[in-house]
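# Chains, contacts and geometry: an overview
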Amino acid sequence: MGVPTPLTDEEITAALTGLPGWERTGDEIPRTYPLRCHAAVAATVTIADRSRRIQHHADLDLRIDSLRATITTTTRATS
């Protein structure tokens, strides 16, 4: 699996219009899923693995009745 090219601001805005529950806040795109603990743990493992493979960074906040995922892409300038 290759590493995707980061989207432009305009592409992000257009893509989010079709994704209910996702909203951009600065450089982050968060969403909270109402999940019970065991389902949220399984989702956490899946998200973490996929995030690592495509070099996106998901911050995950696991609660007793929800999972909040915040997605960011970090690009590093080369000197």
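My aim in this report is to walk through the structure given alongside it, one point at a time. Treat the numbers as computed from the prediction; the structure is a model and nothing was measured. (Residues numbered from 1 in each chain as written. Predicted model: local features only at pLDDT ≥ 70, side-chain atom pairs only at ≥ 80, totals over all residues. Heavy atoms only, no water.)

## Notes on helix 2 (residues 37-53)
Rules: Strands are runs of DSSP state E lasting at least 2 residues, helices are runs of H or I lasting at least 4, and numbering of each runs from the N terminus. Working rule for helices: expected span equals 1.5 Å times residues minus one.
Counted at 1.5 Å a residue, the expected span for helix 2 with its 17 residues is 24 Å, and the 25 Å between its end C-alpha atoms agrees. Gln-55 sits one or two positions beyond helix 2 and adopts a positive phi of about 55°.

## Quick look at the environment of Pro-6
Position of Pro-6 relative to the elements: it lies in the segment before helix 1 (9-16). Considered as a pair, Pro-6 and His-56 are 50 residues apart in the sequence and their alpha carbons are 9.5 Å apart.

## Remarks on the sheet that holds strand 3 (residues 67-72)
Sheet strands pair by backbone hydrogen bonding; their relative direction is either parallel or antiparallel. Test applied: Only strands joined by at least two bridges in the DSSP assignment are considered to pair. Every axis corresponds to a line fitted to the C-alpha atoms, with the helix fit spanning only the stretch in contact, and the corresponding angles, defined between N-to-C directions, vary from 0 to 180 degrees. When checking whether two residues touch, look at their non-hydrogen atoms; a contact exists if any pair is within 4.5 Å.
The three strands are arranged 1-3-2 in an open sheet whose pairing can be described as antiparallel. Of all the strands in the sheet, just strand 1 (29-33) and strand 2 (57-62) have a single pairing partner and so form its edges. Looking at each pair of strands side by side, their axes are set apart by 15° on average, direction ignored. Relative to strand 3, strand 1 is paired through five bridges, and the arrangement is antiparallel. Directly across from Pro-30, in strand 3, lies its bridge partner Thr-70. Strands strand 2 and strand 3 of the sheet are contacted by helix 2, whose axis makes an angle of about 170° with strand 2.

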